[in-house]
Protein chains: 2
Amino acid sequence: MQFTCEQRLDGGVREREFTLDGIPGVLWTPGSASAPVPLILLGHPGGLRRMYPRLAARARHSVAAGFAAATIELPGAGERPASTSAEQARADLLRALAADEPVDAIVDRLVLPLVGRAVPEWRAALDALLALPGIRGPVGYSGGVIAIGLRLAAVEPRIAAALLFAGSFVPRSMFEEARRVTVPLQVLLQWDDEGNDRQLALDLFDAFGSREKTLHANMGGHTGVPWFEGDAGDRFFARHLR
Amino acid sequence: MQFTCEQRLDGGVREREFTLDGIPGVLWTPGSASAPVPLILLGHPGGLRRMYPRLAARARHSVAAGFAAATIELPGAGERPASTSAEQARADLLRALAADEPVDAIVDRLVLPLVGRAVPEWRAALDALLALPGIRGPVGYSGGVIAIGLRLAAVEPRIAAALLFAGSFVPRSMFEEARRVTVPLQVLLQWDDEGNDRQLALDLFDAFGSREKTLHANMGGHTGVPWFEGDAGDRFFARHLR
């Protein structure tokens with residue numbers, strides 16, 4: 001893990017960009033030395049530069065609530081080499097959605113390889129991040145892509161709680177995997193998200209094996225998650241990571 | 001409104017029982033004099049004595065969060081004269097549910113007269129309560145019976161926010177009324193509540209006309225609402241009643 005640049009954000013947050021085996025990432029920690037704090041991994045749909053303003057806002061929130069936050073670029077996104085098969089699957093998906101055709105096979109082609117590549121990368125990032133001073137487990141996962149958060153929660157024992165954003169497609173074959181997730185979950189669903197399959201999100205929430213799972217559905221469209229869900233997320237992680 | 005008895009609860013909460021036109025009720029206020037606080041009406045399924053421990057716990061929570069809380073007995077429940085038609089409808093409903101038969105017509109017979117009688121009583125209680133020193137609007141409604149909360153939110157302009165418990169039947173004819181509800185809503189749904197129609201609750205949430213509406217679904221069965229929803233409810237009312 002090489003740190004490539006560092007800056008201070010408002011509120012005394014220390015932001016460090018890094019690369020890990022060629023994958024760009026960002027780490028946010030408290031500005032002043034403190035006892036080690038639990039880590040929250042910030043999920044996103046890919047494209048760190050494009051997502052930066054929202055990621056930095058979420059990270060500032062997390063650090064203010066007593067956590068460290070980190071994220072890495074997704075395979076095929078941002079400055080990483082594009083995947084022609086993923087680009088093709090994404091184009092096919094948009095076409096099928098526009099034509100109201102079945103999408104299950106395309107979702108499998110798009111999401112399963114992404115999850116298969118991303119999850120080992122996030123676990124390697126965890127190894128490196130938890131070796132740094134000032135950061136400790138247990139670890140939370142927060143955000144989308146929900147299929148990545150699902151797989152991480154299912155296979156990575158250091159993930160103790162997950163706040164998942166139900167805003168993207170999940171292969172039907174992963175519903176069995178959802179039953180094996182047992183950590184506390186908070187699932188955010190934008191009820192009026194036109195690009196999202198609401199019934200799939202509800203079915204997936206139902207499938208999760210966790211004894212403590214909470215669904216928060218709100219209005220405001222895909223990107224309109226209400227501000228108070230930031231506070232609710234902090235409280236969820238405070239209950240389970242402290 | 002006649003106060004019939006008064007006591008102090010833990011945490012300096014003042015509890016007063018009252019009757020209003022023969023209807024028993026309870027009022028909880030801060031123990032020491034303060035500027036007037038907004039009022040939260042506590043809904044319940046009927047039977048004040050039976051429900052008292054849970055109502056008092058919710059009321060203490062509300063007073064600690066800076067509100068007054070009050071409730072009245074439902075028509076036909078507790079010490080109030082029983083309604084033979086309601087008893088009959090309740091028995092018919094249980095029989096129909098056990099036999100997996102359609103319940104819509106029975107729900108209409110059970111719930112519509114209850115709502116029709118209860119809502120004017122709650123509005124009269126509001127008149128009396130808001131005339132007391134130390135209590136002010138805007139007013140929140142919190143709890144079940146969801147059909148009563150729905151009607152109150154639709155017709156009573158002093159209700160500025162409602163936290164509804166989706167744990168009982170709602171006549172299909174009231175879905176049109178739900179579209180006319182515009183105040184901020186938080187709807188609690190116990191996801192694994194076997195006695196509840198989950199799809200009806202989701203359809204009803206969808207029907208509400210409010211631009212700010214949030215669904216919180218949790219595990220734990222009908223009576224197992226997690227403790228952290230008490231705090232979430234306080235924060236919801238703090239956003240909208242202060």
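Refer to the preceding data block for the structure.
The model shown is predicted, which means the values in this text are computed figures rather than measured ones. (Residues numbered from 1 in each chain as written. Chains lettered and ligands numbered in written order. Predicted model: local features only at pLDDT ≥ 70, side-chain atom pairs only at ≥ 80, totals over all residues. Heavy atoms only, no water.)

(A) Representation of the overall build of chain A in the model. Helices and strands together make up the secondary structure of chain A, namely seven helices and nine strands. What you see for chain A is a C-alpha radius of gyration of 17 Å, in line with the 18 Å of a compact globule of 242 residues. Along the longest, intermediate and shortest principal axes, the C-alpha atoms of chain A span 55 × 40 × 30 Å. Across the 242 residues in chain A, those meeting the buried criterion constitute 55%. Within chain A, contacts between residues at least 6 apart in sequence are counted, and of these 65% link residues at least 24 apart. Approximately 10400 Å² of chain A is accessible, and the part contributed by carbon and sulfur atoms is 54%. Of the charged side chains in chain A, 26 are positive and 28 negative, and the gap between their average positions amounts to 6 Å. (Helix = DSSP H or I, 4+ residues; strand = E, 2+ residues; numbered from the N terminus. Rg over C-alpha atoms; globule rule 2.2 N^0.38 Å. Buried < 20%, exposed > 50% of the residue type's maximum accessible area, 1.4 Å probe, protein only. Contact = heavy atoms within 4.5 Å. Areas by Shrake-Rupley, 256 points an atom, 1.4 Å probe, with all protein chains shown as cover. Lys, Arg positive; Asp, Glu negative; His and termini not counted. Charge placed at Lys NZ, Arg CZ, Asp CG, Glu CD.)

(B) The relation of the copies chain B and chain A, seen in detail. Note on the copies: chain B fits chain A at an RMSD of 0.0 Å, the axial shift is 0.0 Å, and the rotation between them is 180°. Taken together, the rotation angle and the small translation identify this as a two-fold axis. Relative to the rotation axis, the C-alpha of His216(B) is the closest in chain B, positioned 2.4 Å from it. Both copies contact each other with a shared surface, as 100% of the interface residues of chain B are interface residues in chain A too. (Least-squares fit on C-alpha atoms with pLDDT ≥ 70 in both.)

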